[in-house]
Amino acid sequence: MQQAIVEAAFATDTLDDLRARCVIVPTHAAGASLRRTVEDVRLSERAPATTLPMIVTRAELYSVLHERIGGEPSRLSDFEREALLRRAARQTAAGGIVPPFRLRPGLIVEILRFYDELRRRHRTVEAFDRLLTETLGAGADDDRGAERLLRQTTFLAATYRAYEAAVARSDGIDEHALRRMLLEREAPRPIAHIVVATGDDGSGPGGLWPADFDLLTRLPGLRQVDVIATDGELAAGLHERLMERLPGIEEVRAGGGLGPAPILLAPEGPGAPFHFTARDREEELVETARMLKGRGTDPGRFAIVFQRPLPYLYLARHVFPAARIGYEASDALPLAAEPFAAALDAVLACMVSDYTRGSLIDLLRLPQFAFAGSGRRLSAGAVAALNGLLAEAKYLGDRAQLARVREHPRAKEPALGALDAALRVAEELEAVREGGRASAQLDALLAFLRRYDRTPPPSASWRERHLRARAAVLAALEGLRDAHARYDDEPIDAAELSAAVRRWIEGQTFAPRTGEGGIHLVDSAAARFGTYDELRIVGLIERDWPARSGRNIFYPGHLLTQLGWPAEPAELAAARAGFTDLLHLPSRRISVSAPSLEDDALVAPSTFAEELETSGLRVERPPAPPRARISVHDALATDPVAPIVEGDAAEWLALRRGPDEGDPARFRGSAGPQPAGTFAVSHLEQYLACPFKYFAAFVLKLDEEREAEAGMSPAERGQFLHDLLMEFFKRWQASGRGAVTADIAEEALAEFRALAEERLPSLSALDRALEEARLLGSAAVAGLAERLFAFEIERDVPVVERLLEHRLEGEYTFEAGERRRAIRIRAQADRIDLLADGTLRIIDYKLGRAPRMSRALQLPIYGVCATQHLEGHGGRSWRVAEAGYVAFGEPDVFRALAARGDIDAALATGQARLLDAVEGIERGEFPPRPDDPYLCTYCAYAAVCRKDYVGDE
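Parameters at a glance
- Residues numbered from 1 in each chain as written.
- Predicted model: local features only at pLDDT ≥ 70, side-chain atom pairs only at ≥ 80, totals over all residues.
- Heavy atoms only, no water.
- Helix = DSSP H or I, 4+ residues; strand = E, 2+ residues; numbered from the N terminus.
- Contact = heavy atoms within 4.5 Å.
- Areas by Shrake-Rupley, 256 points an atom, 1.4 Å probe, with all protein chains shown as cover.
- Lys, Arg positive; Asp, Glu negative; His and termini not counted.
- Charge placed at Lys NZ, Arg CZ, Asp CG, Glu CD.
- Core = buried A, V, L, I, M, F, W, Y, C linked by side-chain atoms within 4.5 Å.
- Buried < 20%, exposed > 50% of the residue type's maximum accessible area, 1.4 Å probe, protein only.
- Phe/Tyr/Trp six-rings, centres within 6.5 Å; stacked < 30°, edge-to-face > 60°.
- Lys NZ or Arg CZ within 6 Å of the ring centre and 35° of its normal.
- Patch = residues over 30% accessible without salt bridge, like charges linked within 9 Å, V, L, I, M, F, W, Y side chains within 5 Å.
- Salt bridge = Lys/Arg side-chain N within 4 Å of Asp/Glu carboxyl O.
- Pairing = 2+ DSSP bridges.
- Axes fitted to C-alpha atoms, helices over the stretch in contact; angles between N-to-C directions.
- 1 Å grid on protein atoms, 1.4 Å probe; cavity = no way out; pocket = protein on both sides within 12 Å on 5 of 7 lines; lining within 4 Å.
- Points joined across faces, edges and corners; volume = space filled by probe spheres on them.
- Nonpolar A, V, L, I, M, F, W, Y, C, P; charged D, E, K, R; others polar.

1. Remarks on the overall build of the protein
Check the secondary structure of the protein and you find 35 helices and 22 strands. For the C-alpha atoms alone, the extent of the protein along its principal axes is close to 115 × 70 × 65 Å. Contacts in the protein between residues far apart in sequence, at least 24 positions, make up 77% of those at least 6 positions apart. By element, 51% of the accessible surface of the protein is carried by carbon and sulfur atoms, the whole surface being about 45600 Å². Of note, the protein has its 120 positive side-chain charges centred 3 Å away from the centre of its 144 negative side-chain charges.

2. Quick word on the nonpolar core
Core analysis: the biggest nonpolar cluster contains 96 residues, and Phe114, Phe128, Tyr160, Phe371, Val501 and Tyr555 have the highest contact counts within it. At eleven residues, the largest contribution of residues to this core is made by helix 18 (residues 415-433). Not counting residues within four places of it along the chain, the set of residues in contact with Tyr555 comprises Phe114, Phe128, Leu132, Leu149, Gln152, Thr153, Leu156 and Leu560. Counting residues in hydrophobic clusters, the runner-up holds 50 residues, among them Leu684, Ile861, Val864 and Tyr941.

3. Regarding the packing of aromatic side chains
For the coordinates displayed, the defined rule picks out 31 aromatic pairs. Between Phe79 and Trp504, the ring centres sit 4.2 Å apart and the planes meet at 35 degrees, which makes this aromatic pair tilted. You can see Phe79 sitting in helix 5 (residues 78-94) and its partner Trp504 sitting in helix 21 (residues 494-507), a full 425 residues away along the chain. In textbook terms, an aromatic cluster arises when at least three aromatic residues are bridged by ring pairs, as seen for Phe101, Phe114, Tyr115, Phe128, Phe155, Tyr160, Tyr163, Phe554, Tyr555 and Trp565. For Arg503, the ring lying beneath its charged end belongs to Trp504, and the centroid distance is 4.7 Å. Seen from the ring of Trp732, Arg737 lies directly overhead, with NZ or CZ sitting 4.0 Å from the centre.

4. Focus: a nonpolar patch on the surface
On the surface, Val699, Leu700, Leu702 and Val944 cluster together into a nonpolar patch covering about 280 Å² of accessible area. Topologically, Leu702 is positioned in the loop between helix 29 (691-699) and helix 30 (714-734).

5. A few points about helix 1 (residues 2-9)
Most of helix 1 is tucked away: six of the eight residues are buried. Residues of helix 1 that are buried include every one of Gln2, Ala4, Ile5, Val6, Ala8 and Ala9, and no others.

6. Re the pairing of strand 7 (residues 302-306)
With five of five residues buried, strand 7 is to be regarded as a mostly interior element. Side-chain alternation along strand 7 places Phe302, Ile304 and Phe306 on one buried face and Ala303 and Val305 on a second face that is also buried. When strand 7 meets strand 12 (residues 534-537), the two strands line up parallel, connected through four bridges. Paired with Ile304 across the strands is Arg536, a residue of strand 12. With four bridges joining them, strand 7 and strand 11 (residues 519-523) adopt parallel strand pairing. Bridging across to strand 11, Ile304 finds its partner in Leu521.

7. So, the sheet that holds strand 4 (residues 224-227)
Spatially, the four strands line up as an open sheet ordered 2-1-3-4, and their pairing is parallel. Looking at the sheet topology across the chains shown, the edges are occupied by strand 2 (54-56) and strand 4. On average, adjacent strands in this sheet sit at an angle of 20 degrees to one another, irrespective of strand direction. The sheet contact formed by strand 3 (residues 193-196) and strand 4 spans four bridges and is parallel.

8. Details of the pairing of strand 11
The buried count for strand 11 comes to five of five residues, which makes it a mostly enclosed element. With burial as the criterion, each face of strand 11 is covered, one bearing Ile519, Leu521 and Asp523 and the other bearing His520 and Val522. With three bridges connecting them, strand 8 (residues 327-329) and strand 11 associate as parallel partners. Looking at the pairing, Glu328 lines up with His520 of strand 11.

9. Examining the environment of Leu150
Checked against the element boundaries, Leu150 lands in helix 8 (residues 144-169). Between the alpha carbons of Leu150 and Ala769 there is a distance of 50 Å; along the sequence they are 619 residues apart. If we skip the residues at most four places from it in the chain, Leu150 touches Thr133, Leu136, Gly137 and Ala140.

10. A few points about the side chain of Asp488
Mapping Asp488 onto the fold places it in the loop between helix 20 (463-487) and helix 21. Asp488 sits in the buried class, given a relative accessible area of 3%. Non-local contacts of Asp488, meaning those with residues more than four positions away in its chain, are made with Ala83, Arg86, Arg87, Arg90, Ala438 and Ala483.

11. Overview of the side chain of Arg121
Structurally, Arg121 is set in the loop between helix 6 (105-120) and helix 7 (125-137). For Arg121, a relative accessible area of 6% puts it in the buried group. Leave out the neighbours within four places in its chain, and Arg121 touches Asp201, Trp209, Pro210, Leu563, Gly564, Trp565 and Pro566.

12. Concerning the pattern of salt bridges
Scanning all chains against the criterion turns up 71 salt bridges. Here Glu338 makes a salt bridge to Arg465, at a shortest N to O gap of 2.6 Å. Here Arg465 lies in helix 20 and Glu338 lies in the loop between strand 9 (333-334) and helix 14 (339-352), a separation of 127 residues in the sequence. You can call Glu338 buried: its relative accessible area is 1%. Notably, a salt bridge pairs Asp345 with Arg502, separated by 2.5 Å at the nearest N-O pair. Of the two residues, Asp345 sits in helix 14 while Arg502 sits in helix 21, which places them 157 residues apart along the sequence.

13. Quick look at empty space enclosed by the protein
Within the structure shown, the criterion is met by four cavities of 30 Å³ or more. Size it by volume and the largest cavity reaches roughly 110 Å³. Phe79, Glu82, Ala83, Arg86, Pro105, Ile108, Leu480, His484, Ile492, Glu496, Ala500 and Trp504 are the residues that line the largest cavity. Looking at the lining of the largest cavity, the elements that each hand over two or more residues are helix 5, helix 6, helix 20 and helix 21. Per-element accounting of the lining of the largest cavity gives the leading share, four residues, to helix 5. Of the residues in the lining of the largest cavity, the class split is eight nonpolar, one polar and three charged.

Listed below in structure tokens is the structure:
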């Protein structure tokens, strides 16, 4: 195929003919690959250096043709076209043709995309309206779905007519008007020969549409069209479509003199698959680098091929420089992934959310902005202090409420300095929200970004990239502003404006400089235009191969087929044919790799992996090469580097490597022996829930991020309830009364109500109403007090004494089998009831649900400690008869630790758990091993946890 393209492109030696020749490729990266291939072929043939023909994408072809007929009138930008369509849709709805959906920025662009596809498939608006109205009208009376689609069709057709009228009135043209103009005018310097190397719309992104082929057959001055494709592409349906779109085209077979097929490298071992498996995408690149280092392959003749560029292009920036391997990449990255674009997203999020605490703090923390003035960013300490102040003030959003935070008793420096900056930010973003006109709103957003932009110093390595990304973002905003100023300057709601800006930024690409020389990183579309000795296909998973095509959101497949859309099986066949072609691309070897994890979730290999076995390639399964050291990380893990590392770096390295360099436990939560000390029972229970969470909270002493609460936090509500119950039972006991019985239950409820009404006024109005209903109940639902007293009434043994918030601190002895040891314990039991028969009842209050009994530690340990602590109290010994949680979030308020006859076994099990936890802590074992994996979804320490090893023994 490549040879055929080269021969067609250089079928003449005259410079004028070359300048009148054009090769169409699917992407810019494909064009870069083809240019390199043409140069290599001409060099191998010892041909003289010459001018290359134009190598363009489909969109660039229209720009070239427009320029050659004079470039007048100018073409409407995408910003302007969307503004025109937005106004047309709004006017159509205002005129009484109401759509069955709400018009949103994302939907506007989909409506415009659908219009372009219709026109590119040679369907006029009238044909679209007539065909679907006839099809849907027959069933609209009886079928609600058909009736909705019919209303949608009526709206879209009316909107498209209004849009076309608006384009005709404007001083510009769109692609479809340009196509008509190209057929009516002959260029002074026409394109005489076009080589189509991209297939059609059914072959994949970047292909030509039916309207494009029609243009090529009738374009004035165009004398020859060559369409070059592989046998696989033709057999997948392209041949049939070409015969329909280019009737009478002459078929010529090329490809003589091909060398032998490449060798397929596969993992060794009987029954092994035909593709390699890596842990994740980063590991795919690391293993590829190791293979290159171990084999001594020429990087300049090696290519890594992917379907989805984004993860690999980012990972390559770290993996290959660390391995001292050069690389080249031609693919553009999404502009939205650049730090400055992310900063803009934070600005929009803060504005739309009405300056909530989280969005405001995220914005103030950004290094891209200088909110402290004089080009300085706010200090991390000031922003953290403001975060704490806003949490204390229970600030949830609203600029007026933000100003009132200054009156909070704890408002002081450095939080006040950050608060002043936050108020300035909110004030200036109000101009974006309430600008009056869309162009004025966007002008205010541009002014905000320019005012607070913090330009990196000249010495910063990332300065050039930041400035280029910043320029691209500002240019997109300026284009959107100008389009609204010319064609649709109605004010835009803040959420709609934010969505429109985000969508435009997400649609832009950004091409960072990647250096020259080394291995080639290319996508599958560009790879087919390059020449390589060896190829490594990566990311062969279901979500990537085949590539996900954009689904039409307006109509089902059977209706789209009537409008000329290709069937889904045709797209899959084309993708499979393209993959098979890639397997035969390199001259020497090919290998395929698939990750097993994506975003911490297991992923399956693509069904395209089946093609490896039936590809006809000779398979070699060489033994795995020795694990080569390719990076500094590898060297630090294996080499004796201590003599060249000193000071703090040596201390860090010793901690990182651990006492035994060959022991993988240091990567599984081993922190080394820990000193014995006093253990809080609640902390030990946390260790049983997840050892790493205990390590983060009580060894590293990391702070948990506090969430904003509309009222009291769960911890504050729990403390309020604990204090209320302790005070009630203290007063009840002081009056000489013991258990709450049925005879005095009403009296107890009355006293509890009086105490609650005494304490509730200290809460805010919102909290007061909620807690009153929760504590005292209503006619429909029993309150917490009533449920608690019902539990008391069911017990028939008199209460001699209640020990409330009773501290159990000291050294206690615990036994489990043959293990026996004394441990210093610090605990506080919510309530210990001393009963008349010499037994104890241990009670722990829970505002929500009771913890899982399989890791419950507090109740049994409180029981063991209480029997030892109370020995001789009242002149007698005590034993535990009952223990349980009074859990107000449970249907049955009392959850017993064990049945009465099984309490001794439960105490023994609890002691065994305690000894296991203490011994694990003293050994320094803190693996991420949650008792319930669901805990990971809301863990406060997820950012510092090696979640990939959860469940890994």
